[in-house]
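# Descriptive analysis of the structure
Chain by chain, the residues:
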Amino acid sequence: MNSLPLITSWLSLGSLEPHPNVTPSVIFGLGWLYLILFCMNVAWTWRSFHKGHHIDLPAFARGGHIPTAAIWATYSTVLMLVSLIHFSCASSPDSFWFIMPDFAKTAVDAVVADARYYFAVTTVGFVLMLLFRNWLAQPNIGWALLNLSLLFLTISLTDWDFRQIVGKPDNVPIVAMLFIVGFFTWVFFYRANENDRRSAQGRPPVEAENNEKVLTWPDLVYTEMICMIAVTALLILWGIALQAPLEEPASAVKTPNPSKAPWYFLGLQEMLVYYDPWLAGVVFPSVILGGMMAIPYIDFNKLGNGYYTFNDRKFAITTFMFGFMPLWIGMIVLGTFLRGPNWNVFGIYEFWDVHKLEALNNVNLSEYFWYGLGQPLPMAPAGSEFWTQAPYILLREAPGFLAIGFYLVALPGLMAGTIFKKFFVRMGFVRYMVFSNLVLMMAALPLKMVFRWAVNLKYFIAIPEWFFNV
Amino acid sequence: MPLKPPAAKDKKAAAGVDRRSFVALCFDPLVLAFGFMAVTSQVWVLALARFMFPNVLVEPPTAFKIGPASDYPLGGVSTKWLAARGVWIVHTDQYKGRNLIYALASVCTHLGCTPNWLEGEQKYKCPCHGSGFYVNGINFEGPAPRPLERVGLKLAADGQLEVDKSVKFQEEMGQWEDSNSFVDGSLA
């Protein structure tokens, strides 16, 4: 007689699943999370009630209108019930049903575990954010977005693999960072929209109208002190709650798998997947820093000084935000949550399998070109001198040199005659060349990523003999 | 409006430095202070340079014996010497169809992490940026621009194989043809 199930049930070990999606303590913790969400929404309901807004129903619903407070109150009630379900069902995790359904996990993983879709989704999301900024920046919509993201996070925590990634003490601040970035982006659009509306009506921006000066002492110093105390308290709590993710002593022959840079360098690490170290580790970071220093000298738009606006600085803000959100924050998210063992891309609900196989055979542009012509790569006779080899190597990589030359030399001229005509006229030759090359360098990263994912392109110019790969 | 100071006059004064005032200048406290500072920092730089060449180097010798060739059967990648010496001993006929034993340095040619040998997938896979290498060391996936480097391997007088990590052989430079970079696999 097999008595193992009996024994485990006596010991209340529950299932023998080594990676349980839900356990009593997980369900109990989620109950508290829903309770916090409930409290937040009660506060918001109270706010809505005092604001007194309402939503007009469409004609087929007989054109009535509902106060927004009623909607939030209903939603809060549902949250409280969900919380109660968690508290009362915590003892039987095996039959717990309020979890992320498998089909949803599969669908989400299919999108995020493929870098092409991930990048497409972040870029399209970025464009949609700019297009629908007026609608998104309403307080009720902002609150709904916050709730949606929190609900997604909370229900995702019913997945074991998701908990491993998000709950790692290293990664908790990245989760917080996502909400902080979202909040400040929302605040920017909220204020910018207000000023853009005013500007359309011919009124001065909020900042110009309410420019009452305040005193350094006490107004500023008090604010700073309160912030200081709050941040100190937060850091102490953080230090107590989350243990420092210390690892075993380092060994030169044992690299952790995956090996991740500190979170703020994950954008650079992602760049290193596509470009050679001298480019992604030296040239591009220098260009980013130098380019940011050059912005004030490139910028000829005198508007947008000292007040929030989007319409007055459309190009500048869109360019910066594209570099910051899909390219920097997006790459940090990709590096933190999606890159797993062997630097493969994993879904957020996917087990980090060291043996996950991805076909990643990469091909250089020169190989595409010469093999496409049905010819072997131009190669110098074996054992020849440097000066005999050089012409062969340059001929071999000629397609890459032409492509890069076209991109960095010819394209600025073409753009000056077409899409950047106004910029060229306003800036003059030197400033325009600096500007266009900076924009092209920034675009070089997503372009290379797309080429890598789409056609497995390795390097445009590949000269390993001279340590020169682009 | 404040007048511009007459610059030309100062230049004339500077030009009129005679021997006596030059000696006085040398003993000027400011000049002395900066002089001492310059000399001290030079000594610091020299001391730092000397620090880079320690008297005693506590490192294992670069040449070491790894046992007879028969320890390394065909088709195997030995990770026996990885932890201590940072080399894989590879016995394969996957490079230009020749039966060879050679030692690959366990340093990724992209940015220098230590790749893992994945027996099931028959490849070396770097955990840092995802570079992958075939069993023979040739790069095929990820950003690594060139194959793993071989280190020296020869048959010692006592019949054991001897690795020499002081020399490197790069495939893309045609150095894998060098007879010091491999041992005939039929010895195994």
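To start, this report covers the structure provided alongside it. (Residues numbered from 1 in each chain as written. Chains lettered and ligands numbered in written order. Predicted model: local features only at pLDDT ≥ 70, side-chain atom pairs only at ≥ 80, totals over all residues. Heavy atoms only, no water.)

### Overview of the overall build of chain A
Secondary structure summary: chain A contains 19 helices and four strands in total. Dimensions along the principal axes, computed over C-alpha positions, put chain A at roughly 85 × 80 × 55 Å. Counting only contacts in chain A whose residues sit at least 6 apart along the sequence, the fraction spanning at least 24 positions is 71%. Total accessible area on chain A is roughly 27700 Å²; 72% of this is exposed by carbon and sulfur atoms. Taking the 28 positively charged and 29 negatively charged side chains of chain A as two groups, their mean positions are separated by 10 Å. (Helix = DSSP H or I, 4+ residues; strand = E, 2+ residues; numbered from the N terminus. Contact = heavy atoms within 4.5 Å. Areas by Shrake-Rupley, 256 points an atom, 1.4 Å probe, with all protein chains shown as cover. Lys, Arg positive; Asp, Glu negative; His and termini not counted. Charge placed at Lys NZ, Arg CZ, Asp CG, Glu CD.)

### Observations concerning the pairing of strand β10 (residues 160-169) of chain B
Residue and element names in this part refer to chain B. Alignment of strand β1 (residues 63-68) against β10, held across four bridges, turns out to be antiparallel. Bridged to F64 within β10 is V163. As paired elements, strand β9 (residues 150-155) and β10 share six bridges and run antiparallel to each other. Directly across from K154, in β10, lies its bridge partner E162. (Pairing = 2+ DSSP bridges.)

### A closer look at the interface of chain A and chain B
The interface of chain A with chain B comprises 29 residues on the first partner and 28 residues on the second. For the pair chain A and chain B, the two sides together bury roughly 2300 Å², of which 53% comes from carbon and sulfur. Of all residues in chain A, A:V253, A:T255 and A:N342 give up the largest surface area on contact with chain B, accounting jointly for 23% of the area buried on that side. There are nine residue pairs in polar contact (both at pLDDT 80 or more) connecting chain A and chain B. Considering each element in turn, the side of chain A that touches chain B owes the most residues, three residues, to helix α12 (residues 266-274) of chain A. Class assignment of the residues belonging to the side of chain A that touches chain B gives a composition of 14 nonpolar, ten polar and five charged. (Buried area = accessible area lost by both parts, 1.4 Å probe. Polar contact = N/O pair within 3.5 Å; in protein donor to acceptor, adjacent residues only side chain to side chain. Nonpolar A, V, L, I, M, F, W, Y, C, P; charged D, E, K, R; others polar.)

### Overview of the packing of helix α2 (residues 24-51) of chain A against helix α7 (residues 139-156) of chain A
All names here are of chain A. Between α2 and α7, whose axes approach to 11 Å, the crossing angle comes to 175°. Between α2 and α7, the angle is such that the two are roughly antiparallel. On the side of α2, the interface is formed by L30, L33, Y34, L37, M40, N41, W44, R47 and S48, while α7 contributes P139, N140, W143, L146, N147, L150, L151, T154 and I155. Taken together, the residues of the contact of α2 with α7 break down into twelve nonpolar, five polar and one charged. (Axes fitted to C-alpha atoms, helices over the stretch in contact; angles between N-to-C directions. Parallel < 35°, antiparallel > 145°, perpendicular 65-115°, else oblique.)

### Notes on unusual backbone geometry
All names here are of chain A. Look at the link from W217 to P218: it is a cis peptide, with omega at 5°. Relative to the helices and strands, P218 is located in helix α11 (residues 216-241). A cis amide bond links N257 to the next residue, P258, at an omega of 0°. Structurally, the position occupied by P258 is in the loop between α11 and α12. With a phi close to 60°, W343 is a non-glycine residue in the positive phi region. Among the secondary structure elements, W343 is positioned in the loop between α14 (314-338) and α15 (365-372). The backbone of F467 sits at a positive phi, close to 55°, despite the residue not being glycine. Structurally, F467 can be placed in the loop between β3 (462-463) and β4 (468-469). Of the residues examined, F467 reaches a relative accessible area of 54% and is grouped as exposed. (Buried < 20%, exposed > 50% of the residue type's maximum accessible area, 1.4 Å probe, protein only.)

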